[in-house]
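Structural characterization, general
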Amino acid sequence: MSALLRTSLRKTGSVLTVAEIAVGSIMLLTIFMLIVIQAAQRHLPGDGLAWTGEVSRFGLVWLTFSVAGVLITHRGHIALEVVDLLPRPQLVRTVQVFALVCVAGVAAGLAYEAWSLVQSQGILRSPVLGMSMALLYIPVLIGMVSTVLRSLVAATDIILHGPAADTDGSVAPEHEEVPAP
């Protein structure tokens, strides 16, 4: 992979990471505020706002799936890190690539199912808001597509440049962040 392509992939990944973390942060803040509102409603006279529970549940789904791709980029996903300590880099490389390909396969299956739900659930409406249920699955679809792409890019990077961690568990030199001058 050329240096220009690698640099452009990293910049694109950084922009996507910022966008996904921003969506996740907004969802987390929304969930927090709605739970506080729900707690306050229980202790105040009058009727509560029924939509707060529905939106907070939808927000949890959107939070979970929208930041799934970020975990791949930052090695925060479930991984066999004990294998990273083996003294044979080729074995470490093989296991890491296999794990990322498995993650990409599962995420591709989830993306396919999310696409099916986006297409088929448009007629259904949420109980309180009346929101089309197809809208619920769009962030899931986007998050899973991001996870597939990030997994495949990470697997390709490991194939071309070696394991993501040295045998002592430290970050490999080609994966270190280079400080700006």
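The numbering scheme is per chain: residues are counted from 1 as the chain's sequence reads. For a predicted model such as this one, the threshold for reporting local features is a pLDDT of at least 70, and the threshold for listing and counting side-chain atom pairs is 80 or more; totals across whole chains, interfaces and linings nevertheless cover every residue. Note that the side-chain values use all heavy atoms of the structure and ignore hydrogens as well as water.

What to know about the overall build of the protein
Inclusion rule: We count a stretch as a helix when DSSP gives it H or I for four or more residues in a row; a strand needs E for two or more, and each element gets its number in order from the N terminus. Working definition: with a 1.4 Å probe on protein chains only, accessible area under 20% of the residue-type maximum means buried, over 50% means exposed, and in between means partly exposed. Working rule for contacts: check all heavy atoms of both residues, and any pair within 4.5 Å makes them a contact. Computed by Shrake-Rupley with a 1.4 Å probe, the accessible areas treat only the displayed protein chains as cover when residues are assessed.
Scanning the protein from terminus to terminus reveals five helices and zero strands. Secondary structure of the protein in N-to-C order comes out as α-α-α-α-α. For the protein, the proportion of its 181 residues judged to be buried stands at 33%. Of all intrachain contacts in the protein linking residues separated by at least 6 positions in sequence, the fraction that spans at least 24 positions is 67%. Surface exposure of the protein reaches about 11,300 Å², of which carbon and sulfur atoms provide 73%.

Examining a nonpolar patch on the surface
Test applied: Excluding any residue in a salt bridge, patches collect residues exceeding 30% relative accessible area, merging like charges within 9 Å and nonpolar Val, Leu, Ile, Met, Phe, Trp and Tyr side chains within 5 Å. Whenever Lys or Arg places a side-chain nitrogen within 4 Å of a carboxyl oxygen from Asp or Glu, that contact is recorded as a salt bridge.
A cluster of nonpolar side chains, Ile37, Leu49, Trp51, Val128 and Leu129, forms an exposed patch at the surface whose accessible area comes to about 400 Å². Looking at the secondary structure, you find Val128 in the loop between helix 4 (89–120) and helix 5 (133–161). For Val128, a relative accessible area of 42% gives the class partly exposed.

As for the packing of helix 1 (residues 3–43) against helix 5
The axes of two packed helices give the description: the angle between them and the distance between them. Rules: Angles shown run from 0 to 180 degrees and are taken between the N-to-C directions of axes, each axis being a line fitted to C-alpha atoms and, for helices, limited to the stretch in contact. Crossing handedness is defined as follows: a turn of the near helix away from the far one that is anticlockwise and smaller than a right angle gives a left-handed crossing, while the clockwise case is right-handed. Charged residues are taken to be Asp, Glu, Lys and Arg, nonpolar residues to be Ala, Val, Leu, Ile, Met, Phe, Trp, Tyr, Cys and Pro, and polar residues to be all remaining types, Gly included.
Contact pair helix 1 / helix 5: the axes reach a minimum separation of 12 Å and the direction vectors enclose 145°. For the pair helix 1 and helix 5, the sense of crossing is left-handed. Counting all contacts with helix 1, which are made through Arg6, Gly13, Leu16, Thr17 and Glu20, the residues of helix 5 involved are Ser146, Arg150, Asp157 and His161. The residue inventory of the contact of helix 1 with helix 5, partitioned by class, reads one nonpolar, four polar and four charged.

Some thoughts on the pattern of salt bridges
Per the counting criterion, the structure on display carries one salt bridge. Salt-bridge contacts for Glu20 lead to Arg150; the nearest nitrogen and oxygen are separated by 3.2 Å. Of this pair, Glu20 sits in helix 1 while Arg150 sits in helix 5, placing them 130 residues apart in sequence.

Brief notes about the side chain of Ser56
Along the chain, Ser56 falls in helix 2 (residues 51–66). The class for Ser56 is buried, based on a relative accessible area of 10%. Discounting residues that sit within four places of it in the chain, Ser56 has contacts with Ile31, Leu34 and Gln38.

Points about the packing of helix 1 against helix 2
Note the cut-off: Orientation labels follow simple angle bins: below 35 degrees gives roughly parallel, above 145 gives roughly antiparallel, 65 to 115 gives roughly perpendicular, and whatever is left gives oblique.
Between helix 1 and helix 2, the shortest axis-to-axis distance is 9 Å and the interhelical angle comes to 155°. Considering the angle they form, helix 1 stands roughly antiparallel to helix 2. In the crossing of helix 1 with helix 2, the sense of the turn from one axis to the other is left-handed. In this structure, helix 1 uses Glu20, Val23, Gly24, Met27, Leu28, Thr30, Ile31, Leu34, Ile37, Gln38 and Gln41 to contact helix 2, whose residues at the interface are Trp51, Thr52, Gly53, Val55, Ser56, Gly59, Leu60, Trp62, Leu63 and Ser66. Broken down by class, the residue content of the contact of helix 1 with helix 2 amounts to eleven nonpolar, nine polar and one charged.

Quick word on the confidence of the model for the protein
Stated formally: A residue's pLDDT is simply how confident the predictor is in it, with values from 0 to 100.
For the protein, the average pLDDT comes to 83, and 85% of its residues sit at 70 or higher. Averaged over each element, pLDDT in the protein is lowest for helix 3 (residues 68–73) (85) and highest for helix 4 (92). Counting contacts from residues 166–181, a segment whose pLDDT is below 50, to residues more than four positions away or on other chains yields 26 contacts.

Re helix 4
Just so we agree on the cut-off: Multiply 1.5 Å by the residue count of a helix minus one, and that product is the helix's expected span.
Over its 32 residues, helix 4 runs 46 Å from end to end, which matches the ideal 46 Å to within 8%, given 1.5 Å per residue. Looking at helix 4, one finds that the buried residues are Val92, Gln96, Val97, Leu100, Ala104, Ala107, Ala111, Ala114 and Val118. Elements in contact with the buried residues of helix 4: helix 3 and helix 5.

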